[in-house]
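Each chain, letter by letter, is given below.
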Amino acid sequence: MPYGGPALQPARAYSWAVQVWDAHDQPSAWSPAARWETGLFAAQDWKGAQWISPGTATTAAPMLRAGFTLPAKPIAAARAYVDGLGFYELRLNGAKVGDQVLAPANTPYAQRNLYTTYDITGAVHAGANAVGLWLGDGYGPTFSPYGFRWTGPKQAILLLDVAFTDGSHQSIVTDPSWTWATGPITADDLYAGETYDARLERPGWDQPGNASTGWSAVRAVAAPSATLTAATLPPIRVAATRPPVKVSQPQPGTYVYDFGQNIAGWPRLRVQGPAGTTVRLRTAEEVQANGMLDTTTNRNAASTDAYTLAGTGTVETYEPRFTYHGFRYVEVTGFPGTPAASSLDARVVHAAVPSTGAFTSSDPLLNQIWQNNRWAILNNSMSIPTDNPVRDERTPPGMDVQAYHDASIREFGMGGFYANYLLDMPPGTALPNDAGNAQQPDMGGDQVVLAWALYEQYGDRDTLAATYPAMQRFVDTNAANVPGYIWTTGFGDWCPPDLGPNANGGQGNPSAGSCTSEVSIVNTALSYRQAHTVAKAATALGQAADAARYTQLAENIKQAFNARFLNPDGAGYGSGRQTTSVLPLAFGLVPDANVTAVGARLVDTVLNRNGGHLDTGIFGTRYLMDALARIGRVDVAMTVLDQTTYPGFGYEIGRGATTPWEEWTYASSMETHDHAMFAGINASLYTQLAGIQPTGPGYASLTVDPRVPAGLQHVAASIDTVRGPVASSWTVTGQQIALDVTVPVGAAATVHVPNFGRGDATVTPSAGATQVSATGTETVYTVGSGAWHFTGAVAPTPSPALPGAWPRCATETGTCAFTGTQTVAYGAAGQYRYAALTGGTACGNRVFGDPLPNVSKACYLIAPPPANTTWTRCASETGTCAFAGSATVAYGASGQFRFATLTGGTACGNAVFGDPAPNTAKACYLAGPPPGTTTWTPCAAETRTCAFTGTREVAFGAAGQYAYRRITAGTPCDNATFGDPIPGTPKSCYVQ
């Protein structure tokens, strides 16, 4: 709700209330008053506060302080406005203020800096007070050159504003009257860790009356930038504390704590011992076979914190302030005596984003994949999205965020987090020292689709409008600079599986992995999506002319894409690797007439060429389920996700992974085991399996269209949207499905209830639900807010064999074993070679030739004609064998036959088939064609409508007796259309 009141004043509290009117124009009571507070608007609002710095630039973690006195009168409110570089901790009267850590946010410091406001009303009092600022290096000079680095002096600015009940104010500001001193932190680095010597502590330094010994005057320094503005992103906090699940001693004096989960954060130590004893805490994601740390994935990050005891005679507690690590294991050395399990715990640290998504299913492995991906998103959400929390990088990864932000905005409340990211990294912005990638669709184009995603998910029109000019520039620049719209540079489908010998069954080695993949197809497809997204944004912002222009640009890119990459057979793109079909299907790039063929080829590639495994990098993995859902084959996506052998999520989990790896092998040339870039598939668990998709901004309208793959019995998902919870939960019992849907107040939903040929679906309550349509596969309702219960029926399990009589006997290169004489068909997708063979055969091109190059084929067999269980006589020699659709025709006699797969009937004679049995009267016989490797999917029960787009092969029948037709744009599923292949038996339609 946009503010429309009087002009706002800085540092002022405001209250507001809401009244609503119902459908009968009756007003509600006023809501309880809510409040918000404004920050500081301009430089003068800082009341003369100056940026100050210690006199020695090389001092590690200096402590700055000032004392002040407040009059003896009631305090109404007190606020602290603070920024400090690189990191700071604010302290008042002997205690830390607030629970924020690793402040301030990482930003392009020369462009803008973010201050934080703290409520300190309860921390100050009449009389003497003291304020302290403890400074650390933060994202300092050792930080990655591809990230936002602060290379200036450690410096800070502060305004304390105390308001009294009599209306007066007192301000305390940073200025040259402050003093500074060294402290117990002798080194701090984001990658190396922190070193703390408790013997150097200055007790009471942040309390009133502290002695001045050892304290020096600060100096005023220049502001880091012209912009100092309030932080609107979520702060970083300690989100949880984890105890160890195991403590081991792999060698004397070395203890390894296993916390059971890969996290971002730091260890917290409890120790008692002599003064000067130093305990070192080194972190890592993995351990070696001997139990010692495996620090390979740390790369050049030392990831070691050191604590030197003060020797107080009591338990001393230490945790770092100005560093963080990515780890599951902590190695403890130098501990005085034997540490207990309680001597160490792990502090989980990330941006304080609320959990908004929940998912569960009847598939335990799928649930673990979901959980692992959530952890990776959190571990890589600090004040910026990071590539990993482990090694010496942790920079904003535009390519990664593009692949997983659809998941993160469903899993967590990321609106403020990503809105801030777009301020630092609008479309077309280069990271430091990375200007060459600013316009790449894979690396630089994330922010175009991210701004739209925030609008869809949260209804954030302001961020969309603010980002829109940069979105336009990005897309326009690429359209002008890329000849013919076809990209040849970039990263592509980053890090698909290594399928060569270096993969070593998934173990990999330091040479494994080749991450750049399918650059031209991927970046051209992404550029289409980005142009299409700008067209949608233009429509949402009321820019009709822009919308038309970008819609046409997207269409031009689509035409160029298909002209360049669609293969001559119309069934695949480029090399045929999975991603080459996944992105076109998911993005809507495939011409309607080719969707069936491209989908069939993708299924064949997944199931046969890749053995049911994924062969995708970050973009192919993100959209794999979406592409397969487009062709009704979510079951294939589940086959992929349920794999426990290399490559796949299940293999990683079998190796103990609690977050997804950077590459699919355990070891590679570039590896951490906590990368969020593969977490994007979590989005599909919500949008495809649960079927929840926004159709209006902020879920003002939505669709619930769950995809129910065979073998999955239950899915439940919910998203806490800006309007309230949206939920979809379904359970399959036999062929019955129960679907429960929750729609928030003020929203409307279109609900697709699976309902395969079992009469009408049901909905409870019936009042308020409107049936929109009913086909042979689903019933569609529109509903308003509330909880709704639907019942329907799921389709029979799809079959990899034709609903007919050709069983598969071998895959390509295998052996088709049988006794006696059989008719063998070899091929796929309607292209076959046939032979009548005796005693088995090798299944390959050497025997049959190659009926369909570059496609995985198989062998199928049935008894030779004229066996009446499989073959129907359709014509004598010289007659006409009439049939609709496609069929296999055998021509011959006395065991000598020629075969062909034909469409729409055929003359029965030597002119068509040759003469398999000279001087013998011959005949033609029909059977359904072999199935190829394409699954036949049930589309309707008898008397219902089999709905589909494009041209499809349709089989109608049951129990091995089918009629076949090739039909365009759907068909009634009945005897009038197909004839009656098996009278007196309930039949169904199947599509290929």
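The model shown is predicted, which means the values in this text are computed figures rather than measured ones.

A.B. asks: I would appreciate a short explanation of the sheet that holds strand β15 (residues 216-217) in the present structure.
C.D. replies: Taking strand neighbours across the sheet as the criterion, the 6 strands line up as β7-β6-β9-β4-β12-β15 in an open arrangement whose pairing is antiparallel. The strands lining the two open edges of the sheet, one partner per strand, are β7 (95-96) and β15.

A.B. asks: Teacher, can you tell me more about helix α4 (residues 446-458) here?
C.D. replies: The α-helix winds at 3.6 residues per turn, so residues separated by three or four positions along the chain end up facing the same way. In a regular helix each residue adds 1.5 Å, so 13 residues correspond to 18 Å; α4 covers 18 Å between its end C-alpha atoms and thus fits that length. Of all 13 residues that make up α4, 12 are buried, and the element is covered over most of its length. Contact partners of the buried residues in α4: α2 (398-411), α3 (415-424), α5 (461-481), α6 (519-540) and β31 (714-721).

A.B. asks: What is the right way to look at the pattern of salt bridges in this model?
C.D. replies: Opposite charge on two side chains makes pairing possible when the charged atoms of those side chains draw close. Scanning the model with the defined rule gives 33 salt bridges in all. In this structure, the salt-bridge partner of D392 is R299, at a minimum N-O distance of 3.0 Å. In this pair, D392 is assigned in the loop between α1 (364-379) and α2 and R299 in the loop between β23 (293-294) and β24 (304-308), connecting sequence segments 93 residues apart. Exposure remark for R299: the relative accessible area of 43% places this residue in the partly exposed category. Linking K922 and D915 is a salt bridge whose minimum nitrogen-to-oxygen distance equals 3.1 Å. Overall, K922 belongs to the buried group, its relative accessible area being 6%. A cluster of three or more residues bridged by salt bridges with shared partners is formed by R299, R391, D392, E393 and E662.

A.B. asks: For this particular structure, what's the right way to read the UniProt feature "domain: Alpha-L-rhamnosidase C-terminal" (unreviewed entry) in the protein?
C.D. replies: The feature "domain: Alpha-L-rhamnosidase C-terminal" (unreviewed entry), as given by UniProt, occupies residues 691-757 in the numbering adopted here. A distance of 21 Å separates the end C-alpha atoms of residues 691-757, which is 0% helix and 60% strand.

A.B. asks: What am I meant to see in the pairing of strand β33 (residues 736-743) here?
C.D. replies: Regular strands place side chains that alternate from one sheet face to the opposite one. Burial along β33 is one-sided: I737, L739, V741 and V743 are buried, while Q736, A738, D740 and T742, pointing the other way, are not. Examined bridge by bridge, strand β32 (residues 724-733) and β33 share 7 bridges and lie antiparallel to one another. Bridge pairing links T733 to Q736 in β33. In sequence, β32 turns back onto β33 through a hairpin of 2 residues, with G734 there showing a positive phi of about 65°.

A.B. asks: What is the right way to look at the sheet that holds strand β35 (residues 762-764) in this model?
C.D. replies: The sheet built from 6 strands is open, its strands ordered β28-β31-β32-β33-β38-β35 with antiparallel pairing. The open sheet has two free edges, formed respectively by β28 (357-361) and β35, since each of these has just one partner strand. For this sheet the average axis-to-axis angle between neighbouring strands, irrespective of direction, equals 10°. Contacts between helix α13 (residues 682-689) and the sheet are confined to β28, β31 and β32, with β28 contributing the most and set at about 75° to the helix.

A.B. asks: Any chance you could explain the UniProt feature "domain: Alpha-L-rhamnosidase concanavalin-like" (unreviewed entry) in the protein here in plain terms?
C.D. replies: If you check UniProt for "domain: Alpha-L-rhamnosidase concanavalin-like" (unreviewed entry), the listed places come out as residues 250-350 in our numbering. A helix fraction of 0% and a strand fraction of 54% characterise residues 250-350, whose end C-alpha atoms lie 31 Å from each other.

A.B. asks: What exactly am I supposed to notice about the environment of G444 here?
C.D. replies: Along the chain, the position of G444 falls in the loop between α3 and α4. Those residues in contact with G444, other than ones at most four positions away along the chain, are P427, G428, N437, A438 and F474.

A.B. asks: I'm lost on the nonpolar core in this one. Help?
C.D. replies: Residues V332, F359, Y418, L689, V751, V783 and F790 are the most contacted members of the largest nonpolar core, which totals 192 residues. Ranked by residue count, the leading element in this core is α6, at 10 residues. Not counting residues within four places of it along the chain, the set of residues in contact with V332 comprises G253, T254, Y255, Y257, V279, R280, L281 and L344. If you look at the next biggest cluster of nonpolar residues, it comprises 28 residues, including F68, A78, Y88 and A103.

A.B. asks: When you look at the side chain of N298 in this model, what are you seeing that I'm missing?
C.D. replies: Secondary-structure assignment places N298 in the loop between β23 and β24. Here N298 is in contact with T283, A284, S303, V390, R391 and D392, once residues within four sequence places are set aside.

A.B. asks: What is the right way to look at the packing of α1 against α2 in this model?
C.D. replies: The packing of two helices is summarised by the inter-axis angle and the distance between the axes. At a minimum axis separation of 11 Å, α1 and α2 run at an interaxial angle of 95°. One way to sum up the angle between α1 and α2 is to call them roughly perpendicular. Two secondary-structure elements touch here, α1 through W370, R374 and I377 and α2 through Y404, A407, S408 and E411. Here the contact of α1 with α2 is built from residues that sort into 4 nonpolar, 1 polar and 2 charged.

Rules and cut-offs
- Residues numbered from 1 in each chain as written.
- Predicted model: local features only at pLDDT ≥ 70, side-chain atom pairs only at ≥ 80, totals over all residues.
- Heavy atoms only, no water.
- Pairing = 2+ DSSP bridges.
- Helix = DSSP H or I, 4+ residues; strand = E, 2+ residues; numbered from the N terminus.
- Expected span 1.5 Å × (residues − 1).
- Buried < 20%, exposed > 50% of the residue type's maximum accessible area, 1.4 Å probe, protein only.
- Contact = heavy atoms within 4.5 Å.
- Salt bridge = Lys/Arg side-chain N within 4 Å of Asp/Glu carboxyl O.
- UniProt positions renumbered as here; feature names shortened; annotations may be inferred.
- Axes fitted to C-alpha atoms, helices over the stretch in contact; angles between N-to-C directions.
- Core = buried A, V, L, I, M, F, W, Y, C linked by side-chain atoms within 4.5 Å.
- Parallel < 35°, antiparallel > 145°, perpendicular 65-115°, else oblique.
- Nonpolar A, V, L, I, M, F, W, Y, C, P; charged D, E, K, R; others polar.

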